[in-house]
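The chain contents come next:
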Amino acid sequence: VLPALLSPLIAAVIALVATYLAYVLTKNATTHGAATGFRHGQTISASLVSLAHGTNDAQKTMGVITLTLIAANYQAAGTGPALWVILACGLAIGLGTYMGGWRIMQTVGKKISDVQSPQGFAAETSSAATILISSHLGFALSTTHVTSGAVVGSGLGKKLADVHWSVVGRIVAAWVITLPAAAVVGALATWLASTSAFGLVLVAVLALAAGLTFYVLAKRKPVSHEDITADAAGPTEQPEPQPTGAAN
């Protein structure tokens, strides 16, 4: 629990320092050239976040499924995840990101702070480093939590950047509510599924109904890649105004 609580703060501090250094080291570069360089850098840093996500979040799901198979005597003790479990988890995460990830991207990428390319590079690199180190130590983290903390740090590390603390507050509140809520739902589902075959089927039906309900609710106010790209194509950074007599 402690790594899960501390990791967003650690990522925020690293991203704050990295963002500050990014702007200091490129202050004499042209705005267009620096932005282009950081955008190319984000291709690598975003790939690192994806790799880190697979080493942590995906492993948690594979672990739960593997432990269930071992407990039910469908798999020998001491063996690792089966190939079909690895493929299923990867496919599920990929489909989930494709179907519902745009709303998360909008919140993390724009609503917390209007992230520019240097900030994005710093936040992604900080997130990847934090998650990869945690995975090496065996600590289970949430990629979204770590990335959100890094985005807050990148907003604080840029001069005159604005962090929307009301959004940050709602995200933290959701984190606090989600953990006990998941525990309660998991306990009730386990109890109901263990009562009889009918209870097991009922749990599956309720899970499917809940998923469809949230899908329908999300479609009322859809968020797509067009919304993200429209936000990204919004106001760009302008050079600092020169003194009145500079032109003369």
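Just above, that's the structure.
Structural notes, computed from the coordinates. If you're wondering where the values come from, they're calculated on a predicted model, not measured in any experiment.

**A few points about the environment of leucine 132**
- Within the fold, leucine 132 resides in helix α4 (residues 117-137).
- Here leucine 132 falls in the partly exposed class, since its relative accessible area comes to 32%.
- On a C-alpha basis, the gap between leucine 132 and glycine 54 in space is 9.7 Å, while along the polypeptide they are 78 residues apart.

**Examining the nonpolar core**
- Ranked by size, the top nonpolar core spans 17 residues in total, and within it Ile112, Val146, Ala150, Val151, Val152 and Val168 carry the most contacts.
- Broken down by element, the residue count for this core peaks at four residues, all from helix α5 (residues 143-157).
- Beyond its immediate stretch of four places on either side in the chain, alanine 150 contacts Pro8, Ala11, Ala12, Ala15, Ala123, Ser126 and Ser127.
- One finds Ala58, Met62, Leu69 and Cys89 within the second-largest nonpolar core, a separate group that totals five residues.

**Observations regarding the pattern of salt bridges**
- Enumeration according to the criterion identifies one salt bridge in this entry.
- Between lysine 110 and aspartate 114 there is a salt bridge whose closest N-O contact spans 2.8 Å.
- Residue classification places aspartate 114 among the partly exposed positions, given a relative accessible area of 37%.

**Comments concerning unusual backbone geometry**
- Notably, asparagine 73 is not glycine yet its phi reads approximately 65°, a positive angle.
- With respect to the helices and strands, asparagine 73 occurs in the loop between α2 (31-71) and α3 (83-111).

**A few points about the packing of aromatic side chains**
- On inspection of all chains with the given rule, the structure shows one aromatic pair.
- Consider the rings of phenylalanine 38 and phenylalanine 121, whose centres lie 5.8 Å apart with planes at 55°: the pair is tilted. Placement of the pair is phenylalanine 38 in helix α2 and phenylalanine 121 in helix α4, with a sequence separation of 83 residues.

What counts and how
- Residues numbered from 1 in each chain as written.
- Predicted model: local features only at pLDDT ≥ 70, side-chain atom pairs only at ≥ 80, totals over all residues.
- Heavy atoms only, no water.
- Helix = DSSP H or I, 4+ residues; strand = E, 2+ residues; numbered from the N terminus.
- Buried < 20%, exposed > 50% of the residue type's maximum accessible area, 1.4 Å probe, protein only.
- Core = buried A, V, L, I, M, F, W, Y, C linked by side-chain atoms within 4.5 Å.
- Contact = heavy atoms within 4.5 Å.
- Salt bridge = Lys/Arg side-chain N within 4 Å of Asp/Glu carboxyl O.
- Phe/Tyr/Trp six-rings, centres within 6.5 Å; stacked < 30°, edge-to-face > 60°.

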